[in-house]
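A closer look at the structure
Each chain, letter by letter, is given below.
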Amino acid sequence: MQNFFPAQYSTLSAAALKNHIIEAYRLDPSTTCRLLIRNVSDTYVLENGSEKYILKIYRDAHRKRSEIEGEVALLNILKAEGNRVSYPLSDVKGEQIQQFNAIEGLRNGVLFSFAEGKVVLDLSDQQLIRLGHDIAKMHQTTAAIKLAYPRPVFDFETTLFQPLRDLKPHFAEMKDEFDYLNTIANKVVKKIEGFDTSAFSYGYCHYDFFPKNFHVDEQGNITFFDFDFAGEGYLINDLMSFLNHYFFHQLNNLITKEQAEKDFGTFLQAYQEIRPLTRDELKAIPYLGITFHIFFLKFFYDHYDDWSNIFLTPRYTKHRVSLIKKWEEQYCNF
């Protein structure tokens, strides 16, 4: 028996995964497998002459098996309710989660159906209307269920207070930036506490509804994928994350402020044709954007060893804080 020196993040062989998946799912022997993204989790694409699949291999440091079971359960429900999502496939034994004994320990993987179509960054009015309707219909499902497995919870503790406690060492040489984050966090809490949050819709939100996470096909159908961050919170978090698309699109000079406002308004109106929002929910969307940015700063920090060390420098951190300031200036009124 060979003894291997312990590792904390290995990359599983695409060739070995191909053989395992072909056997486990009885796929066409001609199926190929290649690594698509080595990131928060590792994503592989498998394809043959007629079929295409996505295989995601999770890092245990990011998602425990019970959390993956929650993601799988959520996607099974969404599919059963008629939502267009990239869904988990079952192997010949009926299992939807594969387990691999990697050098760093057990890693879990899920084979997903492929989301047909492509990413569209500049959505037409027709596509925005379809998107608004589809997300609203998805929320009708996620507001009415309670999973038997743990998933993240998006509240002030997890998106503001805990992140700021954990991030404090990272900001040791950036006192002004850290003071700003604490100040803006307190402002957000006070602002949202002034709204009637008892009337806010609550359930499982995707929490990363950027165009990179849904495909539009030639018939205009939209298929959603990458529910890795899906967790419990105000459902307007999903509208906020989509607003972030327009925020970054403007910063990159890919759209004018006027067009961004028009497009988001079209999406928002379409959403409310299915799920009306209260006046306070609409007002709260921009302020939740600040919790989103602080949450992801903590996420980058937590996964520094395995993923974010290539970019999480003091310069990058200051840049992210400057983005929060720009968000505040553009969308918030404290």
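What you see is a predicted model; the values in this text were computed from it and never measured.

**A closer look at the overall build of the protein chain**
Check the secondary structure of the protein chain and you find nine helices and nine strands. On C-alpha atoms alone, the protein chain measures out to a radius of gyration of 21 Å, which is about the 20 Å that the 2.2 N^0.38 rule sets for 334 residues. Dimensions along the principal axes, computed over C-alpha positions, put the protein chain at roughly 60 × 50 × 40 Å. Burial analysis of the protein chain (334 residues in total) assigns 53% to the buried set. Element-wise, carbon and sulfur atoms account for 49% of the exposed surface of the protein chain, whose accessible area totals about 16100 Å². Positive and negative charge centroids in the protein chain, built from 37 and 44 side chains respectively, lie 2 Å apart.

**Here's the deal with unusual backbone geometry**
Where the residue is not glycine, phi is negative for most of them; where a peptide bond is considered, it is trans in most cases. With a phi close to 70°, Tyr207 is a non-glycine residue in the positive phi region. For Tyr207, a relative accessible area of 0% corresponds to the buried category. In this structure, Asp226 is a non-glycine residue whose phi angle is positive, near 55°. A relative accessible area of 29% means that Asp226 is categorised as partly exposed.

**Some thoughts on the pairing of strand β1 (residues 32-38)**
In the sheet, β1 pairs with strand β2 (residues 42-47) via six bridges, with the strands oriented antiparallel. In the strand pairing of β2, Thr32 is matched with Glu47. The turn joining β1 and β2, which pair antiparallel and follow one another in sequence, is formed by three residues.

**A few points about the nonpolar core**
In terms of nonpolar packing, the biggest core is built from 83 residues, with Leu131, Leu181, Tyr207, Phe224, Phe227 and Phe242 touching the most fellow members. Tallying contributions element by element places helix α8 (residues 279-302) first for this core, with 12 residues. If sequence neighbours within four positions are ignored, Phe242 has contacts with Leu123, Leu128, Leu131, Phe209, Pro211, Phe214, Phe264 and Phe267. Core analysis: the second largest hydrophobic core is formed by 17 residues, Ala24, Leu27, Tyr44 and Phe100 among them.

**Comments concerning helix α2 (residues 65-80)**
Every α-helix winds through 3.6 residues per turn, so residues three or four apart in the chain are directed the same way. For α2, with 16 residues, the first-to-last C-alpha span of 22 Å sits near the 22 Å given by 1.5 Å per residue. Within α2, the full set of buried residues consists of Glu67, Ile68, Gly70, Glu71, Val72, Ala73, Leu74, Leu75 and Leu78. Against the buried residues of α2 lie β3 (52-57), β5 (105-113), α3 (125-142) and β6 (202-205). Just downstream of α2 lies Gly82, where phi reads positive at about 90°.

**Concerning helix α6 (residues 236-251)**
Helix length check: α6 (16 residues) gives 23 Å between terminal C-alpha atoms against 22 Å at 1.5 Å per residue, within 8%. Counting buried positions over the 16 residues of α6 gives 14, a clear majority of the element. Note on α6: the residue one or two positions beyond its end, Asn253, has a positive phi of about 55°.

**Structural notes on the side chain of Asn213**
Along the chain, the position of Asn213 falls in the loop between β6 and β7 (214-216). The residues touching Asn213, leaving out its near neighbours within four places in the chain, are His206, Asp208, Thr223, Phe224, Phe225 and Asp226.

**Brief notes about the pattern of salt bridges**
Counted under the stated rule, the structure contains 16 salt bridges. Linking Arg107 and Asp42 is a salt bridge whose minimum nitrogen-to-oxygen distance equals 3.2 Å. Pair noted here: Arg107 is in strand β5 and Asp42 is in strand β2, with a separation of 65 residues, a long-range link. Accessibility expressed as a relative area gives 0% for Asp42, which makes it buried. In this structure, Asp306 and Arg59 form a salt bridge, with 3.2 Å as the shortest nitrogen-oxygen distance. Here Arg59 lies in the loop between β3 and α2 and Asp306 lies in the loop between α8 and α9 (314-331), a separation of 247 residues in the sequence. The exposure classification of Asp306 matches that of Arg59, with both residues buried. If you follow the salt bridges from partner to partner, you end up with Asp42, Glu104 and Arg107 in one network.

**Brief notes about the sheet that holds β5**
As summarised here, the arrangement of the five strands in space is β1-β2-β3-β5-β4, forming an open sheet in which the pairing is antiparallel. Looking at which strands have only one partner, the edges of the open sheet turn out to be β1 and β4 (98-102). In this sheet, neighbouring strand axes are inclined to one another by 25° on average, regardless of whether the strands run parallel or antiparallel. Sheet topology note: the β2/β3 ladder contains six bridges and is antiparallel. Its bridge partner being in β3, Tyr44 is matched across the sheet by Leu55. Lying over the sheet, α2 contacts β3, β4 and β5, oriented at roughly 10° with respect to β5.

**Thoughts on the pairing of β2**
In terms of burial, β2 is largely enclosed, as five of its six residues are buried. The antiparallel hairpin formed by β2 and β3 contains four residues in its connecting segment.

**Let's talk about the packing of α6 against helix α7 (residues 257-274)**
The interhelical angle for the contact between α6 and α7, taken along N-to-C directions, is 165°, at an axis separation of 10 Å. If you check the angle between α6 and α7, you find them roughly antiparallel. The crossing of α6 and α7 is right-handed. Contacts between α6 and α7 involve Leu239, Phe242, Leu243, Tyr246 and Gln250 from the first element and Lys257, Ala260, Asp263, Phe264, Phe267, Leu268 and Tyr271 from the second. Class assignment for the residues of the contact of α6 with α7 results in nine nonpolar, one polar and two charged.

Calculation criteria
Residues numbered from 1 in each chain as written. Predicted model: local features only at pLDDT ≥ 70, side-chain atom pairs only at ≥ 80, totals over all residues. Heavy atoms only, no water. Helix = DSSP H or I, 4+ residues; strand = E, 2+ residues; numbered from the N terminus. Rg over C-alpha atoms; globule rule 2.2 N^0.38 Å. Buried < 20%, exposed > 50% of the residue type's maximum accessible area, 1.4 Å probe, protein only. Areas by Shrake-Rupley, 256 points an atom, 1.4 Å probe, with all protein chains shown as cover. Lys, Arg positive; Asp, Glu negative; His and termini not counted. Charge placed at Lys NZ, Arg CZ, Asp CG, Glu CD. Pairing = 2+ DSSP bridges. Core = buried A, V, L, I, M, F, W, Y, C linked by side-chain atoms within 4.5 Å. Contact = heavy atoms within 4.5 Å. Expected span 1.5 Å × (residues − 1). Salt bridge = Lys/Arg side-chain N within 4 Å of Asp/Glu carboxyl O. Axes fitted to C-alpha atoms, helices over the stretch in contact; angles between N-to-C directions. Parallel < 35°, antiparallel > 145°, perpendicular 65-115°, else oblique. Left-handed = near helix turned anticlockwise from the far one by under 90°. Nonpolar A, V, L, I, M, F, W, Y, C, P; charged D, E, K, R; others polar.

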